[in-house]
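Structure assessment
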Amino acid sequence: MKSPDSPAAIRAYRAWSVRDTPSGLRLRSIWFPDDKVWTPFARFEARCNVCLLRRFRHRAPKDGHTCGIYAMKSGADLFGWAVDNTPPGGRPVVVGEVWCWGTVIEGTLGYRAQYAYPASLLGVWFAPPADEARYLAQLSSAYGTEPGAATGLDWAADHGWGDTAVGA
Amino acid sequence: MDIGETKRIIEVEPVVEPVPVAMPEAEPVTGPVPARLPEPALPAR
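Fair warning: this is a prediction, and the values are worked out from it, not measured in the lab.

For the rest of this paragraph, the subject is the pairing of strand S5 (residues 93-107) of chain A. For S5(A), the tally of buried residues reaches 14 of 15 residues, placing the bulk of the element in the interior. When S5(A) meets strand S6 (residues 110-125) of chain A, the two strands line up antiparallel, connected through twelve bridges. Within S6(A), the position partnered with Glu97(A) by the bridge is Ser120(A). In sequence, S5(A) turns back onto S6(A) through a hairpin of two residues. Pairing between S5(A) and strand S1 (residues 6-12) of chain B: six bridges, direction antiparallel. Of the residues in S1(B), the one forming a bridge with Ile105(A) is Ile9(B).

Following this line, the structure appears as structure tokens:
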């Protein structure tokens, strides 16, 4: 039996979208709006949506595919990606740190992981300032995460994000 | 997200998964139900 390459989960940076459910606010994927929400107090497991459509199931992530739970090694790289890729429309984007484990494909800038869980929620982009504190408080309570560090968004502060309600 | 060029594939198996344990909902604090005192007898007229 092969021994693991690492006995410690990887801590990286990630952005989520938010869904308002009857149970409260929940995290979900930015790019798969119909995807399921991240269940509090349970690990989130990756799946390959493309292969599921082809009625073929395999463990995600898989080399050569694009599946897996994405996370970046640095907050600055996450911000750079978000500036160019976050869908418009004014929907809030929650940023934070995430634990990654299981099978993990490491890239030069980030990871694609099999399992993940939020470690701490650091800030909210594309939300009015009044909503930011409410979102962070409700989501941190829902997921039992560590309180977000106020300095966690230093890498985004100079770009004028945080109070930008696009299209709102 | 663009994670760049693939460097390696690793197996990460933490001894304890980093998922917090939900705190059980607090039970409402209840005590013994006090016995109802008998109604005071009406004075005889």
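Alright, that's what it looks like, and here's the rest.
With 36 residues, the main nonpolar core has Leu27(A), Trp38(A) and Leu139(A) as its most contacted residues. Looking at this core, the elements with two or more residues in it are strand S1 (10-21), strand S2 (24-28), strand S4 (69-72), S5, S6 and helix H3 (129-143) of chain A together with S1 of chain B. With seven residues, S6(A) is the largest single contributor of residues to this core. Non-local contacts of Trp38(A), meaning those with residues more than four positions away in its chain, are made with Arg14(A), Trp16(A), Arg26(A), Leu27(A), Arg28(A), Phe44(A), Ile69(A), Val98(A), Ala116(A), Tyr117(A), Pro118(A) and Tyr143(A). Counting residues in each nonpolar core, the second largest holds 16 residues, with Ala15(A), Met72(A), Leu78(A) and Met1(B) among its members.

Let us look at the packing of aromatic side chains. All names here are of chain A. Within the structure shown, the criterion is met by five aromatic pairs over all chains. Ring centres of Phe-79 and Trp-125 lie 5.3 Å apart, and the angle between their planes is 80°; this geometry places the pair in the edge-to-face category. In this pair, Phe-79 is assigned in helix H2 (residues 75-85) and Trp-125 in strand S6, connecting sequence segments 46 residues apart. Across this residue pair, the class does not change: Phe-79 and Trp-125 are buried. Aromatic pair Trp-101 and Tyr-115: ring centres 6.1 Å apart, planes at 35°, arrangement tilted. Linking Trp-101 in strand S5 with Tyr-115 in strand S6, this pair joins segments that are 14 residues apart in sequence. By relative accessible area, Trp-101 is classed as buried at 2%. Look at Tyr-115 and you get buried, because its relative accessible area is 12%. Its guanidinium or amino end placed over the ring of Tyr-115, Arg-43 lies 3.9 Å from that ring's centre, counting from NZ or CZ.

Throughout the structure, instances matching the rule amount to six salt bridges over all chains. Put simply, Glu17(B) and Arg43(A) hold a salt bridge, and the shortest N to O gap is 2.6 Å. Linking Glu17(B) in the segment after S1 with Arg43(A) in the loop between S2 and strand S3 (44-45), this pair reaches from one chain into another. Given the relative accessible area of 33%, Glu17(B) is considered partly exposed.

So, on to the interface of chain B and chain A. If you look at the interface, chain B gives 21 residues, while chain A gives 37 residues. Together chain B and chain A conceal approximately 2600 Å² of surface at their shared face, both sides included; 63% is due to carbon and sulfur atoms. The interface formed by chain B and chain A holds three salt bridges in total. Counted by class, the side of chain B that touches chain A contains twelve nonpolar, two polar and seven charged residues.

On to the environment of Leu25(A), then. All names here are of chain A. Mapping Leu-25 onto the fold places it in strand S2. Look at Leu-25 and you get buried, because its relative accessible area is 6%. Between the C-alpha atom of Leu-25 and that of Leu-136, which follows or precedes it by 111 residues, the distance is 9.8 Å. If we skip the residues at most four places from it in the chain, Leu-25 touches Val-18, Arg-19, Asp-20, Tyr-135, Gln-138, Leu-139 and Ala-142.

With that out of the way, let us pick up the confidence of the model for chain A. Residues and elements named next belong to chain A. Residues with a pLDDT of 70 or more make up 78% of chain A, whose mean pLDDT is 81. No element of chain A has a lower mean pLDDT than helix H4 (residues 154-157), at 52, and none a higher one than S4, at 95. Across residues 157-168, where pLDDT falls below 50, the model places 19 contacts with residues more than four positions away in sequence or in other chains.

The rules behind the values
Each chain carries its own residue numbering, running from 1 in the written order of its sequence. Chain labels run from A onward and ligand labels from 1 onward, assigned in the order the entries are written. At least 70 in pLDDT is required for a residue's local features to be given in this predicted model, at least 80 for side-chain atom pairs to be given and counted, and no such filter applies to totals for whole chains, interfaces and linings, which use all residues. As a convention, hydrogens and water are excluded, and side-chain values are obtained from all of the structure's heavy atoms. Between buried and exposed lies partly exposed: a residue is buried under 20% and exposed over 50% of the maximum accessible area for its type, with that area taken using a 1.4 Å probe on protein chains only. Note on conventions: DSSP H or I runs of at least 4 residues are helices, E runs of at least 2 residues are strands, and numbering of each starts at the N terminus. Between any two strands, pairing holds if DSSP finds at least two bridges. Think of a nonpolar core as a cluster: buried Ala, Val, Leu, Ile, Met, Phe, Trp, Tyr and Cys residues, connected wherever their side-chain atoms sit within 4.5 Å. Only heavy atoms matter for contacts: two residues are in contact if any of them lie within 4.5 Å across the pair. The rule is short: rings of Phe, Tyr and Trp, with Trp giving its six-membered ring, pair when the centres are within 6.5 Å, and they are stacked under 30 degrees, edge-to-face over 60, tilted in between. Here, a charge over a ring means that NZ of Lys or CZ of Arg falls within 6 Å of the ring centre while also lying within 35 degrees of the ring normal. Salt bridges, as used here, are contacts in which a Lys or Arg side-chain nitrogen is within 4 Å of a carboxyl oxygen on Asp or Glu. For any pair of parts, buried area is found by adding up, for both, the accessible area (1.4 Å probe) each one loses once the two are put together. Following the grouping adopted for this structure description, the nonpolar residues are Ala, Val, Leu, Ile, Met, Phe, Trp, Tyr, Cys and Pro, the charged ones are Asp, Glu, Lys and Arg, and the polar ones are all others, Gly among them. Every residue is assigned a pLDDT by the predictor, reflecting its confidence on a scale from 0 to 100.

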